[in-house]
Amino acid sequence: MIHSLFLINNGGDLFLEKHWKSVISRSVCDYFFEAREKAVEPDNVPPVIRTPHHYLINIYREKIFFVSVIQTEVPPLFVIEFLHRVAETFQDYFGECSETTIKDNVVIVYELLEEMLDNGFPLATESNILKELIRPPTILRSVVNTITGSSNVGETLPTGQLSTIPWRRAGVKYTNNEAYFDVVEEIDAILDKSGTTVFAEIQGVVDACVKLSGMPDLTLSFMNPRLLDDVSFHPCVRYKRWESERVISFIPPDGNFQLMSYHISAQNLVAIPVYVKQNISFFETGSSGRLDITVGPKQTMGKTVECLVVTVHMPKVVLSANLNATQGTYNYDPVTKILVWDIGKLNPQKFPNLKGSLSLQSGAPKPEENPSLNIDLKIQQLAISGLKVNRLDMYGEKYKPFKGVKYVTKAGKFQVRT
Amino acid sequence: MNILDDMGAPEEPTMPYFGSEETVKELKRALSNPHVQADRLRYKNYITKVIRYMTQGLDVSALFMDMVKASATVDIVQKKLVYLYMCTYASDKPDLALLAINTLRKDCADPNPMVRGLALRNMCNFRMPGMPEYIEQPIVAGLRDKASYVRRVAVLGCAKMHSLQPNTDIDGSIVNELYALLRDPDPVVLVNCLRALEEILKDEGGVVINKPIAHHLLNRMKDLDSWAQSEVLTFLLRYRPRSDDELFDILSLLDAFLQSAHAHVAVATLRLFLHLASAHPAVQADALLRTSAPLLATCGAASRELRFAGLCHVQQVMRSQPGLFATHYKRFFCGYSEPSYIKFRKMEILVELVNDENVALVLEELRSYCTDVSPELAQAAIAAIGRIARTYSEKCLDILTGLLALKQDHITSAVIQTFRDLVWFCPQSTAAVCQTVEACVDNPQDSEGKQALLWLLGEHGEQISSAPYVMEGYIDGLKTELSSAVKMELLSASVKMFLCRPAETQDMLGRLLHYYIEEESDMCVRDRALLYYRVLQRGVEETRKVVTGPKSDPSMSVLTGRQEEPISLWASTFNTLGPLSGWDLCLQTAVISASEPSGSAENELLPGSTDVTLSSPNDTQEEISLSLGPPLSHETFEKMWLDLEILHRQTLGFPRPKTAPDTLQAALQLVKIQTLAFTPGDAVPWKAYLYTRGTGTLILAELLQEDPDAPDSEGSLVVSVKQQPGNQQTIRGFVLILKSVLQTLNVDPL
């Protein structure tokens, strides 16, 4: 299925290769490099490239191309999702998925790739099973290993392989029994010049961290489950009960996992937490322009907006920016033409404002299109859709677990047109 | 040397290819040093170092002997490292690798299942001749191992073993054992069995899915991980339920998977649904409706590659149900920072889902893309508006006219090209377009734009009062024109304009013909000029008959307009690589480009040539009409040929016609059968591949003639026909036509 994997960095260096069947020469990547060159920007490389004898399916993540070589017909979504799973596993193991960490941990990387695929077929991809096969590196453990010479491999087979429920290992024991749920919502929105919503939707996930002994059977219910019109669940959730009673009933995997994801696309339900008043204009003469951006709270349900960042991709002719920010700091990178205004916490009394002039390349024609603004933000203790967890009940075990729910709202692809 | 020195290794060799001999020598010395070997930690660090060099591309195969020795250890990580090393170099050093096999075979009997599995897996990964005899016994033992981990490895090992000796007979006992292991309690073993059988039995059509196996797989579905689910769903495509009751039982079992959290499972389920329920359109429609939510979710996924794949699938679904996503049109608006391959797809989708309610907003949105920084995107957006204009011409013309005012070269050119196509498809917009073209002051600079403008001027010169002056500008600058396509178009346009406005054009047409006949170095252009010259010599009326044709083809808009295609047309490529890598798209654009007036003079010179109705030479009782339709590429043909089954095979009873290949091809084309390829000359066996379309089906055919001198052949042509979708009557008609053509050719003394 997946014949080989090549990791290629942004500069075009091939720094890791793994073959699950016969070795395929690196020269197959030439087709990829050709496409890479044609695409100019690394973002623009098409995910599926056809070559005379193979298909190359690639994903681009954290400045690394994961290029897989395929020889037979496969479902494309399958491969793309698998490659993302590989990248996520690296992130999970090493804290970040970058060229440096992969090179530093090359031995573990090979061990992981060996366990994740055999003969090109996905084998073990669940993080909590992999972690029993190959223990992730930690600073403490690597020091201990150096001194004692012990290894980072589980000496015994994962017990999960023997349990009747494939996602949970048998005989789990904790002294503190706890279950935490994070409701994370991302707002994807496009606002037009006047601030009207062109498009808005919420992508939500419920991440869980469950450390409970034995075989607990949990039931999670929401105050307002009707909000969710498009949900998908972890395989452990009993779908029939959701359909009939709108409660989530499941035997959880051990440790961290994503319980469910959902979409809310009805636009009247999507609150837009901030408004942006902006005016970016370029003058016909004099090679200059003006910029004036103000950000203020709109529908925040009384919570504070944090980590507010405004990013503007300026047209190529903008040479420099001379601006004045009433709050936060701004930075204009003349090479990438990206203006980043890091505001931080949004002050509800005095709205932050960024104002000043832009200087353009002299003689160049005035840009025909104004740049769009990308907004990044975070609101703690709030799920912007209004989704609320009602209660969590546990059956099947006697002890009393510690339970907690956290809400966070973030900006996903949040864009303001000018 | 202390321990810390050994560990700071990776940074030292910045250039692995230089001084590599020194490095290898040093490592060899260290690995064979008994003091190092005694210190477990130092020893392992050296081994790690070897692996690092290996992954950087340095040839460390010279250390093979030392590494084999290092495999005798209790440390699993060290074992893994050494195995990795051995797998990499085993094929280069087969004689040395044999030494390692003993250690590996011993590990296969280790009490720790992890060691057993590891050893077995790596032993199977040694790619060198002679391996099978060493691994067969451990694999068979592994199949019966009590640890599922080892069984998983052993099952795939069977496939690896088979691939090492591809030409030998299939070992029946192993195949039987694998089929039996489908009942294994471990779900991964089950799926691995399918995977292994599929590889081993590839030449026999892959693993057989009969009723008990199919039902067993369906019952185990919920235990499998998502990857396995997706693969099992693909395998189940081979199974045909016996009765409707069974079919609906299967569908209700699979129902929950339509809304799986994993897009690839949902899409694979949908494909199976469409395939199984091909006789129940209502079930298909319901499945499409229910998968629309997960598909839309994929289109909004965080990963751009997933989004792209989602869009491609939506595009396919829309071929049959254009209305399904119409209310969600805002999901297909482009984000500023999205890669262009996503934006292109989104625009194509927007064009398809336009309806009366959303047209205003969709056009507004597309308009804003027309000024995109990337010229390709801007032009695609303009072309998209042009497509919508075929239904909503007034609104679109306003937008397009507004774009001309921007005076950007690439935008002007794209708008003019869009106008040309629009006039061809919707004659009612001609007056408005001509008015706009007249008012447009700056002319396009690139050759496609110029061709489009010239075509408009020539074809509709009588409605554009300034046409001769614009044309004169081009004729005055003809020496600087480089593109021969533009030159050709200039010629055709001038001649056409001469016919409707002779007084203003005569002088410059004369200059143009003179220059092209006397001084032009491009032979094609020169010949075309001569042709027009000779035609003009026959008189104006004669010329008019030859040159002018229909100015538009409203019937085309019926063809290219949104038509609900049957699901079976695309279901076979759903969830495959084709639509994502573009060949499916090529097919679609081929349909469009074939129907577009590319301004080629061949079409105009033969007015109505496309309408000539051809009946088969000796009219057969069964009236079927064949048509050529859009051309089929070799790859598409080959793929379909391999995918489809032979529906009809017939010995024609006479040898192949001994005519020149060109004659055969031309004769077949006359009855609208296209020849794709044939064996050159008199080589035997002689083969030819043909295709045609008739009554909504695509017919593929192969003509085969064996060696006439061969003992068991009658030297007669054999025709094999494949068809999609099947229709026996069309096949009969096709064979009759084909037969009569070939017979006619055989008789004709050419």
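Residues numbered from 1 in each chain as written. Chains lettered and ligands numbered in written order. Predicted model: local features only at pLDDT ≥ 70, side-chain atom pairs only at ≥ 80, totals over all residues. Heavy atoms only, no water.

- In the annotation of an unreviewed UniProt entry, chain B is listed under the name AP-4 complex subunit beta-1 and assigned to Anabarilius grahami.
- Looking at chain B in UniProt, the text filed under Subcellular location (unreviewed entry) is "Endomembrane system".
- The UniProt entry for chain B carries the following comment under Sequence similarities (unreviewed entry): "Belongs to the adaptor complexes large subunit family." (UniProt positions renumbered as here; feature names shortened; annotations may be inferred.)

- In the annotation of an unreviewed UniProt entry, chain A is listed under the name AP-3 complex subunit mu-1 and assigned to Anabarilius grahami.
- The heading Sequence similarities (unreviewed entry) in the UniProt record of chain A holds the text "Belongs to the adaptor complexes medium subunit family."

Considering helix H16 (residues 263-276) of chain B
Okay, step 1: The first and last C-alpha atoms of H16 of chain B sit 20 Å apart over 14 residues, in line with the 20 Å expected at 1.5 Å per residue.
Okay, step 2: Counting buried residues in H16 of chain B gives 13 out of 14 residues, a clear majority hidden from the surface. (Helix = DSSP H or I, 4+ residues; strand = E, 2+ residues; numbered from the N terminus. Expected span 1.5 Å × (residues − 1). Buried < 20%, exposed > 50% of the residue type's maximum accessible area, 1.4 Å probe, protein only.)

Quick word on the pairing of strand S20 (residues 353-360) of chain A
All names here are of chain A.
Okay, step 1: Alignment of strand S15 (residues 288-297) against S20, held across seven bridges, turns out to be antiparallel. Note that in S20 the partner of Asp-292 across the bridge is Lys-355.
Okay, step 2: Pairing between strand S17 (residues 318-325) and S20: seven bridges, direction antiparallel. Across the sheet, residue Val-318 finds its bridge partner in S20, namely Leu-360. (Pairing = 2+ DSSP bridges.)

Observations regarding the sheet that holds strand S5 (residues 64-70) of chain A
Residue and element names in this part refer to chain A.
Okay, step 1: Taken together, five strands build an open sheet; the order of strands is S2-S1-S5-S4-S3 and the sheet is antiparallel. At either margin of the open sheet sits one strand with a lone partner, and together these are strand S2 (14-19) and strand S3 (48-50). Strand-to-strand, the axes of this sheet are offset by a mean angle of 20°, without reference to chain direction.
Okay, step 2: With five bridges joining them, strand S1 (residues 2-9) and S2 adopt antiparallel strand pairing. Bridging from a neighbouring strand, Leu-5 pairs with Lys-18 of S2. (Axes fitted to C-alpha atoms, helices over the stretch in contact; angles between N-to-C directions.)

Observations concerning the pattern of salt bridges
Okay, step 1: The full count for this structure, using the stated rule, is 44 salt bridges over all chains.
Okay, step 2: Here Glu-199 of chain B and Lys-21 of chain A are joined by a salt bridge, their closest N and O atoms 2.9 Å apart. Linking Glu-199 of chain B in helix H12 (residues 187-200) with Lys-21 of chain A in the loop between S2 and helix H1 (29-39), this pair reaches from one chain into another.
Okay, step 3: In this structure Lys-21 of chain A comes out as buried when scored by relative accessible area, which is 18%.
Okay, step 4: For Arg-391 of chain A, the salt bridge identified is with Asp-393 of chain A, shortest N-O distance 2.8 Å.
Okay, step 5: Arg-391 of chain A gets classed as partly exposed once you look at its relative accessible area, which sits at 48%.
Okay, step 6: In the salt-bridge network here, residues are joined through shared partners; they are Lys-18, Glu-114 and Glu-115 of chain A together with Arg-121 of chain B. (Salt bridge = Lys/Arg side-chain N within 4 Å of Asp/Glu carboxyl O.)

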